[in-house]
Amino acid sequence: MRRFLLNALLISAASASLAPAVVGQAVKGQTAKGFGTCVPRSQRAGKALGCYIVIDQPVGVLGGKPVFWHITRFRTRQAAVKAKPASGTVIEAYSRAWLMEIAPERWRAKGGAQVAVIGPLPITPTLSYSALYMEASMRPGMKSAIHRHSGPEIWYTMSGETCLETPNGTSTGKAGGTPVIVPGDQPMELTATGKEIRRSLVLVLHDSRKPATTMEKDWKPRGTCK
């Protein structure tokens, strides 16, 4: 079985204040009712904690070959934009500029510091996808709403840790450790665990024809994440 994390460099936790970034349109099925759901970053209102949508944009059909999430850090947004291929996405999060790309394993950005190559991602070869990028900061004990995505969700943990519960059990993502990759259409609940603020970059690679996220009413977690 191939390792999910092929190359990850542990980076220090960044400041909670964020530089401005392009905000994608609100995602259907997500509301602003409490921390448990993710909202567009324009609704941040100075809050240090929460889950915020940076951008949601089409990436198209990804084909039958294995693809990976490439995360590259740049000193400035201008440098990231200069290095960005047509299919890439530049975001600003945690006071950093990032180039995100969904590509084969051997792809590399021109410049910047490669932070992680995560995959292979569980996709359907003929499906047209969109990439929803978010930043999420949670205090230990905070939980997400119970929800599911119309495609895989992956997060790169920068600090702290997160426990994920699905009907298949639990898994934990830690800074510097193996990232969690959740196949699409699985009900889930996330809980920030550990002893420090959990900060992460999040990708939901969702079916472009469907909402990225829907709330789950039928499945109830057993509370195995402590």
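Our structure is the block above this text.
Since we're looking at a predicted model, the values are computed, not measured.

### Points about the overall build of the chain
Helix and strand counts for the chain come out as 1 helix and 16 strands. A burial count over the chain gives 51% of its 226 residues as buried. Sequence separation of at least 24 residues holds for 79% of the intrachain contacts in the chain that already meet a minimum separation of 6. Carbon and sulfur atoms provide 53% of the accessible area of the chain, an area that totals close to 10,800 Å².

### Examining the sheet that holds strand 3 (residues 50–61)
Ordered in space as 2-3-8-15-10-13, the 6 strands form an open sheet in which the pairing is mixed. Taken across any chain shown, the strands that pair with only one partner, and hence form the sheet edges, are strand 2 (39–40) and strand 13 (180–182). Inspection of the sheet shows strand 10 (residues 153–159) paired to strand 13 by 3 bridges, in the antiparallel sense. Across the sheet, Ile154 pairs through a bridge with Ile181, a residue of strand 13.

### Quick notes on the pairing of strand 12 (residues 169–174)
Pairing of strand 11 (residues 161–166) with strand 12, which is carried by 6 bridges, proceeds in the antiparallel orientation. By the bridge assignment for strand 12, Glu165 is matched with Thr170. The hairpin formed by strand 11 and strand 12 contains 2 residues between the paired strands.

### Some words on the sheet that holds strand 14 (residues 189–193)
Note on sheets: strands pair through backbone hydrogen bonds, and any given pair is parallel or antiparallel. The strand order 12-11-14 describes an open sheet built from 3 strands, whose pairing is antiparallel. In this open sheet, the two edge strands, each paired with only one partner strand, are strand 12 and strand 14. Recorded for the sheet is a direction-independent mean angle of 25° between the axes of neighbouring strands.

### Quick word on the side chain of Glu101
Mapped onto the elements, Glu101 comes out in strand 6 (residues 96–103). Looking at Glu101, its side chain comes within polar contact range of the side chain of Ser87, at 2.6 Å. When residues no more than four places from it in sequence are discounted, the contact partners of Glu101 are Phe68, Trp69, His70, Pro85, Ser87, Gly88, Trp107 and Tyr133.

### Observations concerning the pattern of salt bridges
In this structure the tally under the stated criterion is 8 salt bridges. As a salt-bridge pair, Glu216 and Arg148 come within 2.8 Å of each other at their nearest N and O atoms. Of the two residues, Glu216 is situated in the segment after strand 16 (213–215) and Arg148 in strand 9 (residues 147–149); the sequence distance between them amounts to 68 residues. Just as Glu216 is buried, Arg148 falls in that class too. Here Arg209 makes a salt bridge to Asp207, at a shortest N to O gap of 3.0 Å. Relative accessible area serves as the criterion here: at 67%, Arg209 is assigned to the exposed category.

### Notes on the packing of aromatic side chains
Per the counting criterion, the structure on display carries 1 aromatic pair. The interplanar angle of 40° and the centroid separation of 6.3 Å between the aromatic rings of Trp69 and Tyr133 together place this pair among those described as tilted. A residue pair is termed long-range when its members are at least 10 positions apart, and Trp69 in strand 4 (residues 68–74) and Tyr133 in strand 8 (residues 128–138) qualify at 64 residues. Relative accessible area serves as the criterion here: at 1%, Tyr133 is assigned to the buried category.

Calculation notes
Residues numbered from 1 in each chain as written. Predicted model: local features only at pLDDT ≥ 70, side-chain atom pairs only at ≥ 80, totals over all residues. Heavy atoms only, no water. Helix = DSSP H or I, 4+ residues; strand = E, 2+ residues; numbered from the N terminus. Buried < 20%, exposed > 50% of the residue type's maximum accessible area, 1.4 Å probe, protein only. Contact = heavy atoms within 4.5 Å. Areas by Shrake-Rupley, 256 points an atom, 1.4 Å probe, with all protein chains shown as cover. Pairing = 2+ DSSP bridges. Axes fitted to C-alpha atoms, helices over the stretch in contact; angles between N-to-C directions. Polar contact = N/O pair within 3.5 Å; in protein donor to acceptor, adjacent residues only side chain to side chain. Salt bridge = Lys/Arg side-chain N within 4 Å of Asp/Glu carboxyl O. Phe/Tyr/Trp six-rings, centres within 6.5 Å; stacked < 30°, edge-to-face > 60°.

Function cannot be read off these values alone, since they describe shape.
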